[in-house]
Amino acid sequence: MARGGDIQAPEGGTLSARVRQFLRHPSVAHYPWDAVLLATMLVILIIILGSFAQDAIWTAHWDRLGRPVAGQFRGTCYWMADARILVRIASNGYSDYDVNLINRHLTILPDRSWWPVFVNLTAGMLRLTGGSYCSGWAINLIAMACLPIVIQAITRTRRPLLMAGVALLPFGTWLYAGIAEGVFLLFSAILLWLALHPASQRRRYNAVWSLASLVMGILVGLTKPNSIALLPGFLVLALARSLQHVRLIVPGEGRPPFRIALIAMLSDANPAWAATLGLIGILIGLGLWLVQTSGFYPFYVMMAQRTLWYKEFDGGNPLALLSYLTTGWRTFLSGGGLPHPTPWNMMEFAAITLMLILVVRDLRPRWPRPIPLRPTPLYATVSMLTVFWLMFTTGQSHSIQRYYVGNIFFVLTFLIYVHGTEDEPPLTALPGIIRRGDPGALRAALRLIMLVCGLALLIQEAVIMVIHGI
């Protein structure tokens, strides 16, 4: 007899009978296969077409400058950002020299500063493809194609565009297709899905789930340094789920006794264990990377990176930050054009603006009452603000737009806000709501503005990466 929703095949049943019973199971029969498959195909199509379009822009740009040799390799595979460094490390292994294989110096980043997960995945793909320099791009294509499945598992959405939106995010994840952004986003999305999963009454089930979170956390911590910004988010998530569990175990008003609350928090049924072990896993991964990079001195790479990324503004000074972020717009509006690095300032300004809109949405005062209110979860807000806090305190806004596009909390919040949940109007209904002035017209307009701005920022980032950022 089946227990706990398990699928039991009839004794001696044939393979076809087992398959039919599996397909009739509620969890399988009600799964939105059509939406997920459509979203997956859209993501693959967008990444492939977008990558080749970006490569064409790259080649045309260098042909125009009279340097056609630079356009012989695909830009998204080899030239964009740090792709060529990662391909070389995946092919030849780590060295203790700088990226040009010349110097060993404290102020120059060595190979060891690049996290090992993506490098090893690329090395495996290199062997499978016979040494194709587009192996890193292929790894990211696979990772991005898997993202709709995980996003559906987290959000329970049946909207294909919400799942496929990962391929058209502001600042363009696929523009970084030669480096680790897609893999990092997939691994952190899987970790978030594990952390949000409800606990079971079965101890072994919870143990397996928590162990999977620990392993995935280690992989996340070894994929990119961006995992530092995920730590506060998972900490807040674990605390929130623990407090919710304690309230369910000890009902009634007032604060429960400390001993009872502690026993409830340490029980196997506490749904916060997955988030807690995922947090510990990230710390372990970061620690392993720290050991790897301390080849010459303790904290060697951290000191080199801090020296290499010079201060762009006075850290901790809000007026200096505001002056730096608005440099691009002030230069442009004064008729000065877009000299380098002004476009980067404008992208960083846009990244922080989008983040702040997502943080403050549906906060008090709220309007109008009949509209469903969905403030951004506290754990997501904390993670997004952590990225900003790190930039503000260090005085370095280096690639902050890429740190946001690789932050699973920002990505999910943006996609849910723009495309809406199941009980919110889809994108196609928004123009009619605005035209008729129905309740929620302002929110509909903001959702459309965020969608259009996201696409515009994607195009702007593509141009910047070719002309200014390589």
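Residues numbered from 1 in each chain as written. Predicted model: local features only at pLDDT ≥ 70, side-chain atom pairs only at ≥ 80, totals over all residues. Heavy atoms only, no water.

Turning next to the pattern of salt bridges. All chains considered together, the criterion is met by seven salt bridges. A salt bridge links D55 to R74, with the shortest nitrogen-to-oxygen separation between them at 2.6 Å. Here D55 is found in helix α3 (residues 33–64), whereas its partner R74 is found in the loop between α3 and α4 (75–79), with 19 residues between them in sequence. Residue R74 is classed as buried on the basis of its relative accessible area, which comes to 16%. One salt bridge in this structure joins R436 and D438, with 2.8 Å as the shortest N-O distance. With a relative accessible area of 54%, R436 lands in the exposed category. Overlapping salt bridges, with partners in common, bring together R374, D423, E424 and R443 in one network. (Salt bridge = Lys/Arg side-chain N within 4 Å of Asp/Glu carboxyl O. Helix = DSSP H or I, 4+ residues; strand = E, 2+ residues; numbered from the N terminus. Buried < 20%, exposed > 50% of the residue type's maximum accessible area, 1.4 Å probe, protein only.)

This brings us to the environment of L288. Its place among the elements puts L288 in helix α13 (residues 273–293). Sequence separation of L288 and L222 is 66 residues, and the distance between their C-alpha atoms is 7.6 Å. If near-sequence neighbours (up to four positions away) are discounted, L288 is found in contact with I218 and L222. (Contact = heavy atoms within 4.5 Å.)

One can describe the packing of helix α5 (residues 83–92) onto helix α6 (residues 116–129) by two numbers: an axis separation of 8 Å at closest approach and a directional angle of 65°. Classified by the interaxial angle, the pair formed by α5 and α6 is roughly perpendicular. Between α5 and α6 lies a crossing whose hand is right-handed. Contacts from L86, V87, I89, A90 and S91 of α5 reach α6 at F118, V119, T122, A123 and L126. Across the contact of α5 with α6, the residue classes tally to eight nonpolar, two polar and no charged. (Axes fitted to C-alpha atoms, helices over the stretch in contact; angles between N-to-C directions. Parallel < 35°, antiparallel > 145°, perpendicular 65-115°, else oblique. Left-handed = near helix turned anticlockwise from the far one by under 90°. Nonpolar A, V, L, I, M, F, W, Y, C, P; charged D, E, K, R; others polar.)

Moving on, we get to the layout of surface pockets. A volume near 740 Å³ is recorded for the second largest pocket. The wall of the second largest pocket is formed by 21 residues, among which P225, I228, Q305, W309 and L390 lie closest to the centre. Of all the elements in the fold, those that place two or more residues in the lining of the second largest pocket are α11 (227–249), α13, α14 (300–308), α18 (378–394) and α19 (400–405). Of all the elements, α18 adds the most residues to the lining of the second largest pocket, at four residues. For the lining of the second largest pocket, the per-class residue count stands at 14 nonpolar, six polar and one charged. (1 Å grid on protein atoms, 1.4 Å probe; cavity = no way out; pocket = protein on both sides within 12 Å on 5 of 7 lines; lining within 4 Å. Points joined across faces, edges and corners; volume = space filled by probe spheres on them.)

Before going further, it helps to spend a moment on the environment of L231. Relative to the helices and strands, L231 is located in helix α11. L231 sits 52 residues away from L283 along the chain, and the two C-alpha atoms are 8.1 Å apart. Beyond its immediate stretch of four places on either side in the chain, L231 contacts L279, I282, L283 and L286.

So, on to the nonpolar core. Residues L192 and F234 are the most contacted members of the largest nonpolar core, which totals 124 residues. Look past the residues within four positions of F234 in its chain and what remains in contact with it is S188, L191, L192, A195, A275, L279, I282 and F409. (Core = buried A, V, L, I, M, F, W, Y, C linked by side-chain atoms within 4.5 Å.)

Aromatic rings in a pair are described by how distant their centres are and how their planes are angled relative to each other. Inspection of every chain in the model, using the stated rule, returns 17 aromatic pairs. On the basis of an interplanar angle of 90° and a centroid distance of 6.1 Å, the ring pair of Y78 and Y133 is categorised as edge-to-face. A residue pair is termed long-range when its members are at least 10 positions apart, and Y78 in helix α4 and Y133 in the loop between α6 and α7 (135–155) qualify at 55 residues. A relative accessible area of 24% means that Y133 is categorised as partly exposed. A ring pair is formed by Y379 and F409, whose centres lie 5.8 Å apart and whose planes are at 65°; its orientation type is edge-to-face. With a gap of 30 residues between them, Y379 in helix α18 and F409 in helix α20 (residues 408–419) connect regions that are remote in the sequence. Overall, the relative accessible area of 17% leaves Y379 in the buried class. (Phe/Tyr/Trp six-rings, centres within 6.5 Å; stacked < 30°, edge-to-face > 60°.)

Turning to the packing of α6 against α7, a few remarks are in order. Contact geometry of α6 with α7 gives a least axis separation of 8 Å together with a crossing angle of 110°. Classified by the angle their axes make, α6 and α7 are roughly perpendicular. Each of F118, L121, T122, M125, L126 and T129 in α6 lies in contact with α7, whose residues at this interface are S135, G136, A138, I139, N140 and I142. For the contact of α6 with α7, the class distribution of residues is seven nonpolar, five polar and no charged.

It is worth spelling out the confidence of the model for the protein chain at this point. Overall, the predicted model of the protein chain reaches an average pLDDT of 84, with 86% of residues at or above 70. With pLDDT under 50 throughout, residues 1–12 is counted as low confidence; its partners more than four residues away or in other chains account for 11 contacts. (pLDDT = per-residue confidence, 0-100.)

Attention now moves to helix α15 (residues 318–325). Within α15, burial applies to A320, L321, Y324 and L325. Along the axis of α15, the buried residues cluster in a sector spanning 125°; they form a single face. Exposed side of α15, more than 90 degrees from the buried face: P318, L319 and L322 are the residues found there. In this fold, the buried residues of α15 make contact with α16 (327–333), α17 (342–360) and α18. Where α15 begins, one side-chain oxygen reaches toward the backbone nitrogen of L319, 3.0 Å away; that side chain belongs to N317. (Arc of directions from axis to C-beta. Polar contact = N/O pair within 3.5 Å; in protein donor to acceptor, adjacent residues only side chain to side chain.)

The next point concerns empty space enclosed by the protein. According to the stated counting rule, one finds three cavities of 30 Å³ or more in the structure shown. Of the pockets and cavities examined, the largest cavity occupies roughly 80 Å³. If you trace the largest cavity, you find it lined by L194, H197, P198, A199, N206, W209, S210, D268, N270, P271, W273 and A274. Secondary-structure elements contributing two or more residues to the lining of the largest cavity are α10 (203–221) and α13.

Further remarks concern the side chain of R447. Looking at the element boundaries, R447 is found in helix α22 (residues 441–467). Among buried charged residues, R447 stands out as having no salt bridge; its nearest opposite-charge side chain is E424, 5.0 Å away. (Lys, Arg positive; Asp, Glu negative; His and termini not counted.)

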